[in-house]
Amino acid sequence: MRTACVQATPDAVARAALLLRRGQVVAFPTETVYGLGAQATNPVAVRGIFVAKGRPADNPLIVHVADAGAAEPLTRGLDDRARALMAAFWPGPLTLVLPKSGIVPPEVSGGLDTVGIRLPAHPVARALIAAAGAPVAAPSANRSGRPSPTTASHVAQDMAGRIPLILDGGPCMVGLESTVLDITGDVPVILRPGGVTREMLQSVLGRVAVDAAVLAPLEPGSAIRSPGMKYRHYAPRAAVRVVTGQPPARAPRLCALYDAALARGLRPVILAPQEHAAGFGGRACRPWGSADAPQQAASELFALLRALDEEGYDPILAEAVADAGIGLAVMNRLLRAAGFAVEQAEQL
Ligand code: AMP
Ligand code: MG
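Summary of the structure given here. In this text the structure is predicted, and so the values were computed from the model without any measurement.

Conventions used here
Residues numbered from 1 in each chain as written. Chains lettered and ligands numbered in written order. Predicted model: local features only at pLDDT ≥ 70, side-chain atom pairs only at ≥ 80, totals over all residues. Heavy atoms only, no water. Helix = DSSP H or I, 4+ residues; strand = E, 2+ residues; numbered from the N terminus. Rg over C-alpha atoms; globule rule 2.2 N^0.38 Å. Buried < 20%, exposed > 50% of the residue type's maximum accessible area, 1.4 Å probe, protein only. Contact = heavy atoms within 4.5 Å. Areas by Shrake-Rupley, 256 points an atom, 1.4 Å probe, with all protein chains shown as cover. Lys, Arg positive; Asp, Glu negative; His and termini not counted. Charge placed at Lys NZ, Arg CZ, Asp CG, Glu CD. Salt bridge = Lys/Arg side-chain N within 4 Å of Asp/Glu carboxyl O. Near = heavy atom within 4 Å. Polar contact = N/O pair within 3.5 Å; in protein donor to acceptor, adjacent residues only side chain to side chain. Nonpolar A, V, L, I, M, F, W, Y, C, P; charged D, E, K, R; others polar. Pairing = 2+ DSSP bridges. Axes fitted to C-alpha atoms, helices over the stretch in contact; angles between N-to-C directions. Phe/Tyr/Trp six-rings, centres within 6.5 Å; stacked < 30°, edge-to-face > 60°. Lys NZ or Arg CZ within 6 Å of the ring centre and 35° of its normal.

**A word on the overall build of the chain**
1) Next: Secondary structure summary: the chain contains 10 helices and 16 strands in total.
2) Next: On C-alpha atoms alone, the chain measures out to a radius of gyration of 20 Å, which is about the 20 Å that the 2.2 N^0.38 rule sets for 348 residues.
3) Next: Once the C-alpha set of the chain is aligned to its principal axes, its extents read approximately 60 × 50 × 35 Å.
4) Next: Burial status across the chain gives 54% buried among its 348 residues.
5) Next: In the chain, of all internal contacts separated by at least 6 residues, the share reaching a separation of at least 24 is 68%.
6) Next: Taken as a whole, the chain presents about 13800 Å² of accessible surface, with 54% of it coming from carbon and sulfur.
7) Next: In the chain, 33 side chains carry a positive charge and 29 a negative one; their mean positions are 6 Å apart.

Structure, rendered in structure tokens:
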């Protein structure tokens, strides 16, 4: 199959919508990452997403709607909490997990009794979903396990020959996938952190829990609330190691890991906030965001992981970021990319 990658003009959006109506899969920009969409109400079309991504069938897809009114029919009813969250954060990077109605095929929900729903803020995404005539199921437009795409050329790297069309809407603003919030129980639980932070959710809901799988590997045999957390995820080809622990001890530890990798004939690189980047004595280092601007680290992470792969670096040695605000989402993705290979730096 030939894959066209075109600017997201109104004509191109209309062409993409026609493909969706015919049961095809197309890639499109959102404010979080690029999505790989199919009509959510068409199980055959939805299966095409799993084939294109190589995604396990039990990993559910998020259903994207063009306006808040399109959410309710996908659910068994919205309570006050759901309505308050929609009013506060939609359109935007918040996915709500709710009990699903019969309209949502099991292919979309990975066999679960719930559905994740989001109203994206990106104008191209909204125009496309509106023109598609039905909600659009869309995971991130990467091959399963790879870093999510934040530009159209990242999508092309993973999807060329697998889908007919990629709409290019420029780089994604948030750069990490949406926050996934389960509101089916008494206490809302963040299953995956994202651009709508825990602090923002608490300002509307009061108590908000964070699932144990967000910052730690799943215990074997434990109940999985967010199926996406089961897999090594967001990962470049290179090995990734994360250095946490006491801030003054981190640079020496990063240098020691770097030197050990070099001695083994590898080609290491350090990822550190720009204000630390000069502190590695001539070792290869990529400045990554800034301690004061975690949003920048969020929007750059996936593109950096892909670029360092292209440049042949391995291993990638990353300094941890503070896990407040969007930093929680950054650490969640980084730890998964590393397969939880963490080095705790201690001062001697
Ligand atoms: P992606 O669209 O590739 O960012 O992946 C969507 C992720 O959202 C999945 O991997 C799940 O972890 C999560 N998700 C989607 N729907 C549900 C649901 N019904 N229940 C729990 N988690 C969900
Ligand atoms: Mg994904």
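**Points about the pattern of salt bridges**
1) Next: Scanning the model with the defined rule gives 14 salt bridges in all.
2) Next: The salt bridge involving Glu343 is made with Arg241; its shortest N-O contact spans 2.8 Å. Linking Glu343 in strand S16 (residues 342-345) with Arg241 in strand S12 (residues 240-245), this pair joins segments that are 102 residues apart in sequence.
3) Next: Residue Glu311 is joined to Arg286 by a salt bridge in which the shortest nitrogen-to-oxygen separation is 2.8 Å. In this pair, Glu311 sits in the loop between helix H9 (294-310) and strand S15 (316-319) while Arg286 sits in strand S14 (residues 285-287), placing the two residues 25 residues apart along the sequence.
4) Next: Salt bridges sharing common partners tie together Arg146, Asp158, Arg306 and Asp309.

**Re the site of ligand 1**
1) Next: Not every one of the 20 residues close to ligand 1 is listed here, only the nearest: Asn59, Thr114, Pro139, Arg192 and Ser226.
2) Next: Taking Arg55, its side chain carries an N or O atom lying 3.1 Å from an oxygen atom of ligand 1.
3) Next: Within the side chain of Asn59, a nitrogen or oxygen atom sits 2.6 Å from an oxygen atom of ligand 1.
4) Next: Out of a free accessible area of 490 Å², ligand 1 has 96% covered by protein chains.
5) Next: Every element with two or more residues in the shell around ligand 1 is listed here: strand S6 (114-118) and strand S10 (189-192).
6) Next: The biggest single contributor to the shell around ligand 1 is S6, with three residues.
7) Next: For the shell around ligand 1, a count of residues per class yields 10 nonpolar, six polar and four charged.

**Re the side chain of Ser290**
1) Next: Structurally, the position occupied by Ser290 is in the loop between S14 and H9.
2) Next: Taking relative accessible area as the criterion, Ser290 reaches 12% and is therefore assigned buried.
3) Next: Here Asp292 takes part through its backbone nitrogen, which lies 3.1 Å from a polar atom of the side chain of Ser290.
4) Next: Those residues in contact with Ser290 that lie beyond four places of it in its chain are Pro273, Gln274, Glu275 and Gln296.

**Remarks on the sheet that holds S16**
1) Next: The parallel open sheet is built from five strands, whose spatial order is S14-S13-S15-S12-S16. The sheet is open, and its two borders are formed by S14 and S16, each paired with just one other strand. Sheet twist, expressed as the average angle between the axes of neighbouring strands with direction ignored, equals 25°.
2) Next: Packing of H9 onto the sheet brings it into contact with strand S13 (269-272), S14 and S15, and relative to S14 it is tilted by some 155°.

**Looking at the packing of aromatic side chains**
1) Next: Applying the stated criterion across every chain, the model contains one aromatic pair.
2) Next: Over the ring of Tyr313 we find Arg267, and its NZ or CZ is 4.3 Å from the ring centre.

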